[in-house]
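# Descriptive analysis of the structure
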Amino acid sequence: MITVEHVPQAETDYLAQLEKAAKRFADRSPQREETLRTIESRGVLYADEPGRVKKRLARLNADWSLAKAIEQIPTEPVTTTGSTLPLSPDVFGADVLGLERLMGRNNLTGVAFLEGGYLAARSIGRVSVRTPEGGHHGTGFMVSPSLLLTNNHVLRSPEEADRAVVAFNFQADRDGRPLVPVTFALEPHDFFATDRDLDFAVVAVAERNQEDARLADFGWLPLDGAQGKAILGEFVNIIQHPNGEPKQLALRENQIVDLLDLFVHYVTDTAPGSSGSPVFNDQWEVVALHHSAVPETGPDGRPLATDGTPWRPGMGEHRLAWKANEGVRVSRVLQALSRLTLTGNAGRLRDELFQPPGPPPRGEAAPPTAARPKPDGYVPHGYVPDGFAPDGSAPLASGTAVGITVPLRITVGVDVRAPEQRGHDQLSGPRPAPPAAAGAVAAPAGRVAGGSAVTDAAAQDLDAALLNLRLGEARAYYVRDDDRAARDAYYAHVDADSDGEALRQALTALLEETHGPRPSYKPARMLYPWVDLHPDRLLRSVYSGKTFTAEELIRADAAAEAARLQGVQEFLSRESAASADELIAELDALEAALPFNCEHVVPQSWFAKREPMRGDLHHLFACEPACNSFRGNYPYMDFPGFDEAVRADCGMREKSGFEPEHSKGAVARATLYFLLRYPGLVGDRPAEFPEERLPLLLDWHENEPVSEYELHRNAAIAGIQGNRNPLIDHSEWVRGIDFSGVWP
């Protein structure tokens, strides 16, 4: 057993699961290799037990002779010279082709397959758990009108479940724009059952959330314990929230290679699973509960990370070097649940799992179930609502600061002044009410606690951002002559001909000395209204290139900020004895659940979210959360021979690197600025940008010249925080600067 000191229990449990999965996989190597040889030489029908194959065929309404014909059909084109087809042409009729598709033997399939996947995906959500250590994410899915299934190492106890929520719709729409997540509290007081060995947990979910959204609208995935859902050699599909990211699909990439008594193993060249995800056959029936990767291990038997070093808790499942996936067979989960002795409301909820599904189809809106009685005195814990729309009734007073005082003598301060407001009078008249943000992550309009400090702070902060936006409408986008004069004055005392180390030190000193105003991290006020606008006065996602209006992202972030503040207030009213560490963990969880539409090209985790780095506008760019999450904290890389995990709209990601689809020159110059401004902060820990990748930034810088957009950004940022980006002003200096001194 692997033992790790000072590690959260959930991560220790997951390490134990990894070790057990690796041992099971290793122990079955001879059987698995024989299975793969049989699949290759004879076909799927001969790899599994005859009884199981017959049950699978019966479930597909097919007979043995028809299925056997499929095995004889060549999978590669057959030439007619000197040979004949082993079967007559009539064997390629609709029956054979239809069965091929049902068994995943044919990449062509009816469009109903897509509709079935869409409906199944609605019932799958991201499970977020808040813990004193900071929290973690998993995937879960509804398996009855009231119950959600996930892993034990995601939800280990009723107490942990009571600090968790599930968010549906955490995904992009067909246009690639993020949907608004719909979050529900878990209610373990109603039902909670778990099994550590089988690594599952089943918990009740609230019927409605604080915005009165219905859980029933997301449907459920019925579980069937009968055999015949899949056999050895078939491909399965996994819908998941990997690493807590927006919902993704591994489609027909995992081939079943072994069926154990309790577990199923499936392998793929490209797509790992995610804890708590449903594993589907091509008919969108749940075959297994994904619970563990099968890791690559070192000589000591410990799991390895993607960079070859020992994998450690906290790295995340996505950093695990894996060679297969393991799921818990659904039939075994149902058997374990059936053996529980339950009465009353808990027994009724458990029994719903075993009732045959009826209309409406899974994934479609279902009628609400009967109200579940609550234990006497039990009040479900509160959670961040999906959103509050600031009412904005009060006009903005110039220079106003709003403070929200909450228990533990902690004050959340909201400074609503913006740099462009200095010297301007109070904004008069009613604020315009344009349409709410479309396509940005924001909470829907909902209830507002009228007159509360949270609402007032959020509304006034929104006012400041919208005022900045209107002030910018009358300004010239970029005045080249004025900016050149400002640039020449800024570098007047810099000797560009000095040696590389001296030039670097001079620039670092200049950037720090002139970084006078140091704005806090407020992209809605500081970035979207003016700094990050392109010449057409629109915002563009730095990685995907998708366009947004400034007002879209301003209102989206304002709604997220209001919900965050409300969440802090609710947490402190609920957890009156919370420590500072617990509050920090809660704030981190709220930020993860309610992200801004902004990217730090130098990830916040590399500098522990400290200011002034966090709010330094030179490395902040508009970016939809789906791309932000996809990049994560991977350092930039080039993938000339890239053949895995391509994300066409954001870029490419593989193991320990990310290559953006757009804006390579801009992000390179922003990163180089950060290295100059904050020497020693990047590269002090594994997985941060290493010195040997410096040539990559230099190449990106030289291959994509400075644009008018970047010139505008640089001038606008200089007007706000005082300093400039030397790589934008003097791109020719890049090869003369000795950057080696910026790494620790």
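Residues numbered from 1 in each chain as written. Predicted model: local features only at pLDDT ≥ 70, side-chain atom pairs only at ≥ 80, totals over all residues. Heavy atoms only, no water.

## Comments concerning the overall build of the protein chain
Each helix and strand in the protein chain was counted, giving 20 helices and 22 strands. Counting across all 744 residues of the protein chain, residues that qualify as buried make up 55%. Across the protein chain, the fraction of contacts at a sequence separation of at least 24, relative to all contacts at a separation of at least 6, is 73%. By element, 52% of the accessible surface of the protein chain is carried by carbon and sulfur atoms, the whole surface being about 31100 Å². (Helix = DSSP H or I, 4+ residues; strand = E, 2+ residues; numbered from the N terminus. Buried < 20%, exposed > 50% of the residue type's maximum accessible area, 1.4 Å probe, protein only. Contact = heavy atoms within 4.5 Å. Areas by Shrake-Rupley, 256 points an atom, 1.4 Å probe, with all protein chains shown as cover.)

## Points about the pattern of salt bridges
Overall, the coordinates contain 34 salt bridges when judged by the stated rule. Of the charged contacts in the structure, one is a salt bridge between Arg 350 and Asp 351, with a shortest N-O distance of 3.0 Å. Here Arg 350 falls in the buried class, since its relative accessible area comes to 9%. The exposure class assigned to Asp 351 is partly exposed, which follows from its relative accessible area of 37%. Across the pair Arg 540 and Asp 536 runs a salt bridge whose closest N-O atoms are separated by 2.7 Å. For Arg 540, a relative accessible area of 26% gives the class partly exposed. (Salt bridge = Lys/Arg side-chain N within 4 Å of Asp/Glu carboxyl O.)

## Examining helix H19 (residues 708–721)
Helix length check: H19, at 14 residues, gives a terminal C-alpha distance of 20 Å against a target of 20 Å (1.5 Å per residue), a fit within 8%. Counting buried residues in H19 gives eleven out of 14 residues, a clear majority hidden from the surface. Phi for Gly 722, located one or two positions after H19, is positive at around 95°. (Expected span 1.5 Å × (residues − 1).)

## Topic: the sheet that holds strand S11 (residues 278–280)
Around the barrel, which closes on itself, the six strands sit in the order S8-S9-S10-S13-S12-S11 with antiparallel pairing between neighbours. If you compare each strand with its neighbour and ignore which way they point, the axes differ by 45° on average. Across the sheet, helix H6 (residues 112–122) touches strand S8 (235–240), strand S9 (248–259) and S11, and the angle it forms with S8 is around 40°. (Pairing = 2+ DSSP bridges. Axes fitted to C-alpha atoms, helices over the stretch in contact; angles between N-to-C directions.)

## Thoughts on the side chain of Arg 332
With respect to the helices and strands, Arg 332 occurs in helix H8 (residues 330–338). The contacts of Arg 332, once residues within four sequence positions are left out, are Leu 198, Asp 261 and Leu 262.

## Remarks on the packing of aromatic side chains
Tallied over the entire structure, the rule returns 15 aromatic pairs. A ring pair is formed by Tyr 477 and Trp 530, whose centres lie 6.5 Å apart and whose planes are at 70°; its orientation type is edge-to-face. With a gap of 53 residues between them, Tyr 477 in the loop between helix H10 (453–473) and helix H11 (480–490) and Trp 530 in the loop between helix H13 (523–526) and strand S16 (539–540) connect regions that are remote in the sequence. Members of the aromatic cluster, connected to one another through ring pairs, are Tyr 543, Phe 630, Tyr 636, Phe 658 and Trp 700. Over the ring of Tyr 636 we find Arg 631, and its NZ or CZ is 4.3 Å from the ring centre. (Phe/Tyr/Trp six-rings, centres within 6.5 Å; stacked < 30°, edge-to-face > 60°. Lys NZ or Arg CZ within 6 Å of the ring centre and 35° of its normal.)

## Overview of the confidence of the model for the protein chain
Looking at the protein chain as a whole, the pLDDT averages 77, with 75% of positions reaching at least 70. Here residues 1–7 is a poorly scored stretch, pLDDT under 50, and it has ten contacts once near neighbours within four places are set aside; other chains count. Note that pLDDT drops below 50 for residues 73–104; the model gives that stretch 45 contacts with residues more than four away or on any other chain. (pLDDT = per-residue confidence, 0-100.)

## Details of the nonpolar core
Among the nonpolar cores identified, the biggest contains 81 residues, and Tyr 528, Tyr 543, Tyr 636, Leu 672 and Phe 739 are the most heavily contacted of them. When residues in this core are grouped by element, the largest group, nine residues, is from helix H17 (residues 664–677). Once residues lying within four places of it in the same chain are set aside, the contact partners of Leu 672 are Leu 694, Leu 697, Leu 698, Leu 727, Val 734 and Phe 739. In terms of nonpolar packing, the next biggest core, distinct from the first, is built from 31 residues, Phe 141, Leu 221, Leu 289 and Leu 349 among them. (Core = buried A, V, L, I, M, F, W, Y, C linked by side-chain atoms within 4.5 Å.)

## Overview of empty space enclosed by the protein
Counted by the stated rule, this structure contains seven cavities of 30 Å³ or more. Volume-wise, the second largest cavity comes out at about 100 Å³. Along its surface, the second largest cavity is lined by Ala 458, Asp 461, Leu 462, Ala 465, Lys 522, Pro 523, Ala 524, Arg 525, Asp 557, Ala 558, Glu 561 and Phe 596. The set of elements that each furnish at least two residues to the lining of the second largest cavity consists of H10, H13 and helix H14 (550–574). With four residues, the single largest contributor to the lining of the second largest cavity is H10. Taken together, the residues that form the lining of the second largest cavity break down as seven nonpolar, no polar and five charged. (1 Å grid on protein atoms, 1.4 Å probe; cavity = no way out; pocket = protein on both sides within 12 Å on 5 of 7 lines; lining within 4 Å. Points joined across faces, edges and corners; volume = space filled by probe spheres on them. Nonpolar A, V, L, I, M, F, W, Y, C, P; charged D, E, K, R; others polar.)

## What about helix H9 (residues 344–352)?
The complete set of buried residues in H9 reads Asn 345, Ala 346, Gly 347, Leu 349, Arg 350 and Glu 352. As for H9, its buried residues are in contact with strand S3 (147–150) and H8.

## Section: the state of the cysteines
Following the criterion strictly, the structure yields one disulfide and no others. Residue pairing for Cys 627: its cysteine sulfur links by disulfide to Cys 650, the two sulfurs lying 2.0 Å apart. Taking the torsion about the sulfur-sulfur bond, which here is approximately -80°, the covalent link between Cys 627 and Cys 650 counts as left-handed. Taken together, the positions of Cys 627 in helix H16 (residues 625–631) and Cys 650 in the loop between strand S20 (646–647) and strand S21 (651–654) put the pair 23 residues apart, joining distant regions of the chain. What makes Cys 650 buried here is its relative accessible area of 0%. Free of any disulfide, Cys 598 has its nearest neighbouring cysteine sulfur in Cys 623, separated by 8.3 Å. No disulfide involves Cys 623; its sulfur sits 5.1 Å from the nearest other cysteine sulfur, which is in Cys 627. (Disulfide = S-S within 2.5 Å.)

## Considerations on the environment of Ala 550
Within the fold, Ala 550 resides in helix H14. The exposure class assigned to Ala 550 is buried, which follows from its relative accessible area of 5%. Sequence separation of Ala 550 and Tyr 528 is 22 residues, and the distance between their C-alpha atoms is 5.4 Å. Not counting residues up to four positions away in its chain, the partners in contact with Ala 550 are Leu 469, Tyr 528, Leu 533 and Leu 539.

## Some remarks on the side chain of Lys 229
With respect to the secondary-structure elements, Lys 229 resides in the loop between strand S7 (200–204) and S8. If we skip the residues at most four places from it in the chain, Lys 229 touches Arg 56, Arg 59, Asp 224, Asn 281, Glu 285, Val 286 and Val 287.

## Topic: the pairing of strand S6 (residues 192–195)
Of the strand pairs in this sheet, S6 and S7 are connected by four bridges, and their pairing is antiparallel. By the bridge assignment, Asp 195 is partnered in S7 with Phe 200.

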